[in-house]
Amino acid sequence: MAEPSDPLVREVALLLEKKPRISVLTGAGVSAASGIPTFRDAQGLWEGVPPEDVATPQAFARNPGFVWRFYDERRRRLLECHPNRGHEVLAAWSRRYPDFSLITQNVDGLHELAGTANVTRFHGSLWDVGCWEECVASPHRWRDETVPFPSLPPVCPYCGGSLRPGVVWFGEGIDPHVVQKAEAATRCDLFFTIGTSAVVFPAADLIFQAQRHGATVIEINPEKTPASSRVDLFLQGNSEIVLDRIEALLG
Ligand code: NAD
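Predicted model, so just to flag it, every value in this text is computed and none were measured.

### Quick look at the layout of surface pockets
So, point 1. Of the voids in this model, the second largest pocket is the one considered here, and its volume is about 440 Å³.
So, point 2. Around the second largest pocket sit 20 residues that line it, and Gly124, His140, Arg141, Val168 and Asp175 are the ones nearest its centre.
So, point 3. When contributions to the lining of the second largest pocket are tallied by element, the ones reaching two or more residues are β3 (119-121), β4 (124-131) and β6 (163-167).
So, point 4. Two domains each provide a minimum of three residues to the lining of the second largest pocket, namely domain 1 (7-36 + 83-123 + 173-250) and domain 2 (41-79 + 145-167).

### Details of the pattern of salt bridges
So, point 1. Applying the stated criterion to the full structure yields 11 salt bridges.
So, point 2. The closest approach of N and O atoms between Glu73 and Arg76, which form a salt bridge, is 2.9 Å. In this pair, Glu73 and Arg76 both sit in helix α4 (residues 64-78), three residues apart, roughly one turn of the helix.
So, point 3. By relative accessible area, which is 30% here, Glu73 ends up partly exposed.
So, point 4. When the shortest N-O distance is used, the salt bridge between Glu172 and Arg164 registers 2.7 Å.
So, point 5. Through salt bridges with shared partners, a single ionic network connects Glu73, Arg76, Arg77 and Glu80.

Quick notes on the rules
Residues numbered from 1 in each chain as written. Predicted model: local features only at pLDDT ≥ 70, side-chain atom pairs only at ≥ 80, totals over all residues. Heavy atoms only, no water. 1 Å grid on protein atoms, 1.4 Å probe; cavity = no way out; pocket = protein on both sides within 12 Å on 5 of 7 lines; lining within 4 Å. Points joined across faces, edges and corners; volume = space filled by probe spheres on them. Helix = DSSP H or I, 4+ residues; strand = E, 2+ residues; numbered from the N terminus. Domains from an automatic or database assignment. Salt bridge = Lys/Arg side-chain N within 4 Å of Asp/Glu carboxyl O. Buried < 20%, exposed > 50% of the residue type's maximum accessible area, 1.4 Å probe, protein only.

Function-wise, these values are silent; they only describe arrangement.
Here is the structure:
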């Protein structure tokens, strides 16, 4: 576990003091201390459910009511979750460093709630919905904070069909504008990969793109990942603790 006196913590603080261009990729681990379970940690289950049963278009086509009950429950529980110290430190960096970008794979909105500037949501949001039929009258996605929905699946207000959750499921493409923004952020001086298992692509490839562009890549995770042997600095520990220690050195 990275201690305050850890030379790696000091090294990262020194790098940050130069006010570099900073980009951060976050994953489910950043929200673990807020009470939101990751799924790799639960032997491939996501809140006890295999992801392919709830996080693919095929699962939704088979049983939209079952998939929606899963997302409706996550939205309900999210109302009780708050940003943790890791989210807070990243939000402070976003205000302090003029060239800061954060790309998150998380769909929980906690970075935004913590006040982080310049967040790119790579996998959508639990608070977004879209028309399953992609009816012409509706926007691609819009925010709807109704909890719980009166019926499941909820009804598209534009065409009367079904709504779908506004998250990117396995097997679906990422919005090209989002990919473009995320790829642009890999041109930076320091690239942090925090709380992600680095196995979900194309998000994980951003780490290696940053490396190819000459960034110093720093990983924060309690466990080693497939990226750990390739990054420049691996700080082993929970992000809410390691980020707090770095921030304490920055004063
Ligand atoms: P993942 O579940 O595959 O991996 C989580 C990683 O976090 C692991 O490497 C684990 O060692 C690490 N971790 C656990 N506790 C930590 C802590 N306190 N501090 C730092 N790291 C910690 O998550 P992923 O890589 O983000 O990929 C999973 C996919 O599932 C993503 O696409 C995401 O959209 C989705 N997801 C999102 C949420 C969320 O929004 N909070 C939660 C679960 C899954």
